[in-house]
Each structure stands twice: as structure tokens, then as C-alpha cells.
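Architecture at a glance
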Amino acid sequence: GAGVSQTPSNKVTEKGKYVELRCDPISGHTALYWYRQSLGQGPEFLIYFQGTGAADDSGLPNDRFFAVRPEGSVSTLKIQRTERGDSAVYLCASSSGQVGGELFFGEGSRLTVL
Amino acid sequence: QKEVEQNSGPLSVPEGAIASLNCTYSDRVSQSFFWYRQYSGKSPELIMSIYSNGDKEDGRFTAQLNKASQYVSLLIRDSQPSDSATYLCAVKNAGNNRKLIWGLGTSLAVNP
């Protein structure tokens, strides 16, 4: 596809469970970002990849959150021992890397922790 | 003081009017500025980027940057009901990191 693809679009899970969210960026985009957004808030930065490496993971809230991008394309955000406060829309964005702020977002994965 | 500030709104304008959205930022060495539009239940979509002082026009949209006063604005001419959305201002600071600093967004309602 031409755009950023995220799966699942909707995930409902129980407190304490493990969750994986997947992002397939625009082909050729070297930079990939994970954000999360709660209602009425701006996007909250989580982590940024340049190629395969996490160039900046300062936004990950705690060690329950982890993200990988092993081949420099698809990325997976992993959340262990989910808590109700993790409920949000998780947004993935990619960019060509030429400019640091022109991001193309996927439609997001809405996570609900019961 | 928040790093990027926007009035939350809602800003309500009649169809055909000019909508003016404002954003101020605190880091004087900020380099790049972006406006994203977000419809309810959808993801942000880039509509304008601006890097130097002055105006940048794209169709009905004009971005204005004033680095001395540390503000960036977005004007929407001939506002349409389809422009009703939340407009997010994002700023990229100096340095090699590519992290954007986001405002909370201004909700715009264009009334037919």
C-alpha cells in the first residue's frame, strides 16, 4: 500500500496481558516514529527509529514498553503487563528522513485495557 | 510554560470567513514548524511546513512565521465546513534528534 499501515486497528485486552502493535511504514522511509494520543491531547512521543536502531527512546514511559525494527522497515511496539492507563490510540508515523518533521501517520491502533 | 502553546478553542467561524490559528513556542532556537490537521477519530495529516520568517501560501492555507516573536500562525481563507477539525502545531528544535514538540491543538468549527 501507499500509506503507513497499522494493525490491529482496535485491540481490547485485560489488565496484565501482553500486547503487540505493528506498523508497516511507507516504502523507502528510513525514519519511523511511535506516538500515543489520548482524547483531547496532542501526540505523545514514544520512540524514534532511524533505520534499524532506536535513535531516541526517551518517550517510552517505563520498561514495560519496548519497540523493535529488526530489518529497518516494519516495527512492532510491545507492551508487557498492560495497565488501564495504557489505553490510548497508538500512532505510527514515517518520514523520508530528509526533514525532521514531515510525518505521514497511519490510522492508529486503539488499545483498550479493561 | 508549555513548550508549544495553542488556544484549545473551539474557534468558530462562518463559512467563507478567514480562520486564524495561532501557536507560540518557547525555544528560541527552534528551526522547523509544522501544521497538522486532525479530523475527529482520524490521524494527524500534514498540511503546511514553514522554515523561514514570513508567509508561505498553499492554496487556501497560509502559514506565517515570526521567529523574533516566537509565533507561527495558520490562516485558512474561504473556510469550508470540511475544514472543521483540530489543528495541531508542531515544532522541531535544533539538534540531530527528530523529535517534534506538539501543541495540544485548536479545535476549529466552520458553520455553514
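Here we summarise the structure given alongside this text. What you see is a predicted model; the values in this text were computed from it and never measured. (Residues numbered from 1 in each chain as written. Chains lettered and ligands numbered in written order. Predicted model: local features only at pLDDT ≥ 70, side-chain atom pairs only at ≥ 80, totals over all residues. Heavy atoms only, no water.)

Moving on to empty space enclosed by the protein. Residues and elements named next belong to chain B. According to the stated counting rule, one finds one cavity of 30 Å³ or more in the structure shown. Considered as a void within the structure, the largest cavity measures approximately 40 Å³ in volume. For the largest cavity, the full set of lining residues is Glu 3, Val 4, Tyr 25, Ser 26, Asp 27, Ser 30, Val 91, Asn 93 and Ile 101. For the lining of the largest cavity, the per-class residue count stands at four nonpolar, three polar and two charged. (1 Å grid on protein atoms, 1.4 Å probe; cavity = no way out; pocket = protein on both sides within 12 Å on 5 of 7 lines; lining within 4 Å. Points joined across faces, edges and corners; volume = space filled by probe spheres on them. Nonpolar A, V, L, I, M, F, W, Y, C, P; charged D, E, K, R; others polar.)

A separate point is the sheet that holds strand S8 (residues 75-79) of chain A. Residues and elements named next belong to chain A. The sheet built from four strands is open, its strands ordered S1-S3-S8-S7 with antiparallel pairing. Strand pairing shows two members of the sheet lacking a second neighbour, strand S1 (5-7) and strand S7 (65-68), which therefore form its edges. The sheet shows a mean angle of 15° between the axes of neighbouring strands, taken without regard to direction. Note: S7 against S8, four bridges, orientation antiparallel. Bridge pairing in S8 places Phe 66 opposite Lys 78. (Pairing = 2+ DSSP bridges. Helix = DSSP H or I, 4+ residues; strand = E, 2+ residues; numbered from the N terminus. Axes fitted to C-alpha atoms, helices over the stretch in contact; angles between N-to-C directions.)

Next up on the list: the sheet that holds strand S3 (residues 19-25) of chain B. All names here are of chain B. If you trace the five strands from one edge of the open sheet to the other, you get S1-S3-S8-S7-S6, paired in antiparallel fashion. Single-partner strands in this sheet number two, and they are strand S1 (4-5) and strand S6 (54-58). Taken together, the six bridges between strand S7 (residues 61-66) and strand S8 (residues 71-76) define a ladder with antiparallel strand orientation. Residue Leu 65 lies in a different strand from S8, and its bridge partner there is Val 72.

If you look at the interface, chain B gives 18 residues, while chain A gives 23 residues. In this assembly, chain B packs against chain A so that about 1,600 Å² is buried in total across both faces, 52% of it on carbon and sulfur atoms. For the pair chain B and chain A, the number of links is zero salt bridges. The tally of links from chain B across to chain A stands at six residue pairs in polar contact (both at pLDDT 80 or more). The set of elements that each furnish at least two residues to the side of chain B that touches chain A consists of strand S4 (32-38), strand S5 (45-50), strand S9 (85-92) and strand S10 (100-102) of chain B. For the side of chain B that touches chain A, the leading source of residues is S4(B), giving three residues. Classifying every residue of the side of chain B that touches chain A gives nine nonpolar, five polar and four charged. (Contact = heavy atoms within 4.5 Å. Buried area = accessible area lost by both parts, 1.4 Å probe. Salt bridge = Lys/Arg side-chain N within 4 Å of Asp/Glu carboxyl O. Polar contact = N/O pair within 3.5 Å; in protein donor to acceptor, adjacent residues only side chain to side chain.)

With that settled, consider the pattern of salt bridges. Evaluated as defined, the whole model comprises six salt bridges over all chains. A salt bridge links Glu83(A) to Arg64(A); the nearest nitrogen and oxygen atoms lie 3.6 Å apart. Of the two residues, Glu83(A) is situated in the loop between S8 and strand S9 (88-95) and Arg64(A) in the loop between strand S6 (53-56) and S7; the sequence distance between them amounts to 19 residues. Overall, Arg64(A) belongs to the buried group, its relative accessible area being 5%. The partner of Asp83(B) in a salt bridge is Arg60(B), with the nearest N and O atoms 2.9 Å apart. (Buried < 20%, exposed > 50% of the residue type's maximum accessible area, 1.4 Å probe, protein only.)

Let's shift gears to the environment of Cys92(A). All names here are of chain A. Relative to the helices and strands, Cys 92 is located in strand S9. Accessibility expressed as a relative area gives 0% for Cys 92, which makes it buried. Taking the C-alpha atoms as reference points, Cys 92 and Phe 105, 13 residues apart in sequence, are found 5.7 Å from one another.

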